[in-house]
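Given next are the chains, with one letter for each unit.
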Amino acid sequence: MQFLKKIFSPIGATLKFIQEHFKAMIFVLILFLIFAPSSEENLTPNNLQQINLSGPIMEVSEVLDQIEKAESNNNIRGVLLVVDSPGGAVSPSIEIAYAIKRLKEKKPVVVYASGTLASGSYYASIWADEIIANPGSMVGSIGVIMQGANFGELMQKIGIKTQSVQAGKYKQVGTPNREWEAYEVNELNKVIQGTYDMFTLDVADARGLDIKKRDSFANAHIFTASQAKEVGLIDSLGVSYDAKMRLVGLSGVANPVWNKEDKFDKFMKKLTASTAVVLHTYFPSIVLK
């Protein structure tokens, strides 16, 4: 009997371990299925990188990180920036624009407008080697806007008054508790016009356009892809296949291997999107729109 116990003791210990750590083993198995390479192709480092820019441009650290990694990765021979965005805040749009400009100095960059390439997202794209737009996309809206609500009447009805101590004539410019004074509007116009001048000068410089004719390609005009090509905002019309093939040609890779989104990152994005809460602010902000 003692002999039999010695023979089967390893089996019993294994079964006991499985019972006690069953959940942990299942978790490890799931992780393996998620991250394990499904084919030899996944073991081959990609030589072309697709980066997506979608939705309002506000927080761009992830996109900038992808651009910087593509710039420093010697395996990457070219980058495709796929854009579907209505624009957004000024500073983040400029951050992407200048990151693309730096990237272009080392390897070819093609922008593909898959839906909307407007305002801030157009600014972000101007220094690419080429801009290709889906025939059904909307392009342009090169302009700047600052807007804010006036809650003065509502506050008066419910008996709320504001008070402040300030130094500087323009310190309360843009506050939402009253109608803006004429001198305040002029002050805001100074900022808006300065931003618009910077925007249009960069577009003209990057795209080889005549700044004296900016009313034809800027002035917040909205164009179809075909119209945008006529005024020089894009280089050609095509679909994603065309944009990818163009980048393959510019990069000179014989066997193109595109990046695949990390499965865990994809899962986390879906999880984040399903639990996201959108916060709206009613204080004035400048956006490229």
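Everything quoted here is computed from the prediction, not taken from an experiment. (Residues numbered from 1 in each chain as written. Predicted model: local features only at pLDDT ≥ 70, side-chain atom pairs only at ≥ 80, totals over all residues. Heavy atoms only, no water.)

1. Notes on the overall build of the chain
Keep this limit in mind: Note on conventions: DSSP H or I runs of at least 4 residues are helices, E runs of at least 2 residues are strands, and numbering of each starts at the N terminus. Here the term buried applies to any residue with accessible area under 20% of the maximum for its type, exposed to any over 50%, and partly exposed to those in between, with areas from a 1.4 Å probe on protein chains only. In what follows, a contact means two residues having at least one pair of non-hydrogen atoms within 4.5 Å.
Along its length, the chain carries 11 helices and 10 strands. Looking at the chain as a whole, 35% of its 289 residues qualify as buried. Of the contacts formed within the chain by residues at least 6 apart in sequence, a portion of 75% connects residues at least 24 apart.

2. A word on the environment of A97
Following the sequence through the fold, A97 ends up in helix 4 (residues 90–104). Along the sequence, A97 and Y123 sit 26 residues apart, while their C-alpha atoms lie 6.2 Å from each other. In contact with A97, other than residues within four places in its own chain, are Y123, A124 and W127.

3. Some remarks on the pairing of strand 2 (residues 78–85)
Just so we agree on the cut-off: Here, a strand pair is defined by DSSP locating no fewer than two bridges between the strands. Seen with its strands pointing away from the viewer, a crossover is right-handed when the path leading from the first strand over the helix to the second is clockwise.
Where burial is concerned, most of strand 2 is hidden: 7 out of the 8 residues are buried. In this sheet, strand 2 lies alongside strand 1 (residues 48–54) in parallel orientation, the contact comprising 7 bridges. By the bridge assignment, I51 is partnered in strand 2 with L81. Crossover strand 1 to strand 2 through helix 3 (residues 61–72) is right-handed.

4. Focus: the nonpolar core
Going by this rule: What makes a nonpolar core is a set of buried Ala, Val, Leu, Ile, Met, Phe, Trp, Tyr and Cys residues whose side-chain atoms join them at distances within 4.5 Å.
Counting 46 residues, the largest nonpolar core has I96, Y122 and L233 as the members making the most contacts within it. When residues no more than four places from it in sequence are discounted, the contact partners of I96 are L53, I57, V60, V63, L64, I67 and A124. One finds L48, A243, L247 and V253 within the second-largest nonpolar core, a separate group that totals 11 residues.

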